[in-house]
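# Summary of structural features
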Amino acid sequence: MAKARRKARNVVYAGRIKVPYAWSVGATGSRFLTALRDDQEIWGVKCPKCKRVYVYPIKNCGECFVPTEQWVKVANVGTLESFTVVHYKHDMQPRKRPLIYGLVKLDGTDGALLHLIGGVEPAKIKLGMRMKAVFARQRAGSILDIQHFAPA
Ligand SMILES: [Zn+2]
């Protein structure tokens, strides 16, 4: 009886699953990624009401909720607004450590693009640095077609 009333602690099994998958990025994401891959250009969408420019592009303005159907080519340079240096090893990381993730506010856009920072030692990174997109030589239609952002 005592055993039946014993509170069991939640048992957690830490495993690892690798599952191949395919995920559609939709029409908006496809146009954005195709421009990265084929033209090495960064495009965003502009809200017709509040005039915000979104990169990554989104179908509807996050403030006004109206469709954002106007595509605008944006600068491939911007300002580093935040960053973090990652030292831990994980299979999901796209590059060897230490890797640096940063938020780059591209000129003429609102918000910031989360991406890898490269071409600079972690200790030399400063907020407010001007950054430029460096495109990968081999592009496949993914966000990693921008290899990283490096100091401009
Ligand atoms: Zn808006």
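In what follows, the structure referred to is the one given above.
Note that the structure is a prediction, hence the values are computed from the model and not measured.

## Description of the overall build of the chain
Within the chain one finds 2 helices and 8 strands. Along the chain, helices and strands appear, N-terminal first, in the series α-α-β-β-β-β-β-β-β-β. Rg of the C-alpha trace for the chain: 20 Å, well past the compact-globule value of 15 Å for 152 residues, more than 25% over. If one aligns the C-alpha atoms of the chain with their principal axes, the spans along those axes are about 70 × 40 × 30 Å. Contacts in the chain between residues at least 24 apart in sequence constitute 48% of all its contacts with a sequence separation of at least 6.

## Re the nonpolar core
If you look at the biggest cluster of nonpolar residues, it comprises 19 residues, and the most contacted ones within it are Ile42, Val55, Val104, Leu106, Met131 and Phe149. Counting only elements with at least two residues in this core, the list comes to α2 (26-39), β1 (42-46), β5 (99-106), β6 (113-117), β7 (130-135) and β8 (146-151). Those residues within four positions of Phe149 in sequence are excluded, and the remaining contacts are Gly102, Val104, His115, Ile117, Met131, Lys132, Ala133 and Val134.

## What to know about the environment of Val134
In this fold, Val134 is placed in strand β7. Residue classification places Val134 among the partly exposed residues on the basis of 15 C-beta atoms within 10 Å. Distance in space between the C-alpha atoms of Val134 and Gln147 is 5.6 Å, their sequence separation being 13 residues. The residues contacting Val134, other than those within four sequence positions of it, are Gly118, Gly119, Gln147, His148, Phe149 and Ala150.

Reading guide: rules and limits
- Residues numbered from 1 in each chain as written.
- Predicted model: local features only at pLDDT ≥ 70, side-chain atom pairs only at ≥ 80, totals over all residues.
- Helix = DSSP H or I, 4+ residues; strand = E, 2+ residues; numbered from the N terminus.
- Rg over C-alpha atoms; globule rule 2.2 N^0.38 Å.
- Contact = placed C-beta atoms within 7 Å.
- Core = buried A, V, L, I, M, F, W, Y, C linked by C-beta atoms within 7 Å.
- Buried ≥ 20, exposed ≤ 12 C-beta atoms within 10 Å, placed from the backbone.

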